[in-house]
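Residues per chain, in single letters:
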Amino acid sequence: MEILEGSCRFGLWFVQVRWSADTVHRVRFAEVGIPGAVPEPVRKYCAGLPVDLTSLASIAAHDDSTYGRIYRAVRKVPYGKTATYGEIARDAGTGPRVVGQAMARNPTPLIIPCHRIVAAHGIGGFSPSIEIKEALLAMERKNLHKILLGKTTN
DNA sequence: AACGTACACTTAT
DNA sequence: ATAAGTGTACGTT
């Protein structure tokens, strides 16, 4: 299967994506873009639409390694919600610090929504910049509110 | 193959 | 606020 690549914007950042068909191999936040398109759901998500990215597969979420289990647990956290490192650790049968390491090495952020994993008493980390995590969480939170308001006020 | 160190944490003082 | 506990991974012997 042919490997494709491209980028789109998320705020000040570019989101570079390498993928083939419906499997994403790499996602990274960068200060520069690369030519080419990104998968439709990623484009919409970055544009601020409340898109569920579980329709895309991540290359990293399939094997039955510790990281594989962690990544699958992380993918269960829905749009607009968060879980703690400890919760993910319990789900995956490992320890919280391992979850931190797995998040730091996550090859496909967004597809594996590591930004939704926060510390028990704080936001936790994010590379290359914590601002991205804050922005992603703020965006999802805002969209959830919109959806809820739409349901209850009309 | 063992060892030391580093962690995007957590829980108990 | 601080320290002790924690599980895993990774580089270096």
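See the structure shown above.
Residues numbered from 1 in each chain as written. Chains lettered and ligands numbered in written order. Predicted model: local features only at pLDDT ≥ 70, side-chain atom pairs only at ≥ 80, totals over all residues. Heavy atoms only, no water.

K.L.:
Would you mind going over the protein's contact with DNA strand C in detail, with residue names and values included?
P.N.:
Lining the immediate surroundings of DNA strand C are T66, Y67, T94, G95, R97, V98, Q101 and R105. Among all atoms of DNA strand C positioned within 4 Å of the protein, those belonging to sugar or phosphate total 52%. At 3.1 Å, a side-chain N or O of R97 approaches a base oxygen of DNA strand C. Residue Q101 places a side-chain N or O atom 3.1 Å away from a base oxygen belonging to DNA strand C. Sorting the residues of the surface near DNA strand C by element identifies α2 (66-75) and α4 (96-104) as the ones contributing at least two each. Ranked by residue count, the leading element in the surface near DNA strand C is α4, at three residues. Taken together, the residues of the surface near DNA strand C sort by class into two nonpolar, four polar and two charged. (Near = heavy atom within 4 Å. Polar contact = N/O pair within 3.5 Å; in protein donor to acceptor, adjacent residues only side chain to side chain. Helix = DSSP H or I, 4+ residues; strand = E, 2+ residues; numbered from the N terminus. Nonpolar A, V, L, I, M, F, W, Y, C, P; charged D, E, K, R; others polar.)

K.L.:
An account of the packing of helix α3 (residues 85-92) against α4 is needed here, citing residue identities and associated values.
P.N.:
When two helices pack together, their arrangement is given by the angle between the helix axes and the distance between those axes. Running from amino to carboxyl end, α3 crosses α4 at an angle of 100°, the nearest separation of the two axes being 8 Å. Relative to α4, α3 is oriented roughly perpendicular. The segment α3 lies against α4, with Y85, G86, I88 and A89 engaging P96, V99, G100 and M103. Of the residues that constitute the contact of α3 with α4, the class distribution is six nonpolar, two polar and no charged. (Axes fitted to C-alpha atoms, helices over the stretch in contact; angles between N-to-C directions. Parallel < 35°, antiparallel > 145°, perpendicular 65-115°, else oblique. Contact = heavy atoms within 4.5 Å.)

K.L.:
Hey, could you go over α4 for me, with residue numbers and the actual values?
P.N.:
Those residues of α4 lying buried are V99, A102 and M103. Taken around the axis of α4, the buried residues stretch over an arc of 100°, which confines them to a single face. Opposite the buried face of α4, at more than 90 degrees from it, the exposed residues are R97 and A104. Where α4 is buried, its residues meet α2, α3 and β6 (117-118). (Buried < 20%, exposed > 50% of the residue type's maximum accessible area, 1.4 Å probe, protein only. Arc of directions from axis to C-beta.)

K.L.:
Break down unusual backbone geometry for me, citing the residues and quoting the values.
P.N.:
Residues other than glycine predominantly adopt negative phi, and peptide bonds predominantly adopt the trans conformation. Residue P128 is bonded to the preceding S127 through a cis peptide linkage, with omega at 10°. By the secondary structure assignment, P128 is in the loop between β6 and α5 (130-153). Of note, A21 is a non-glycine position whose phi angle comes to about 50°, a positive value. Topologically, A21 is positioned in the loop between β2 (13-20) and β3 (23-30). In this structure A21 comes out as partly exposed when scored by relative accessible area, which is 45%. For L110, which is not glycine, the phi dihedral falls at a positive 75°. Summarising the element assignment, L110 is placed in the loop between α4 and β6.

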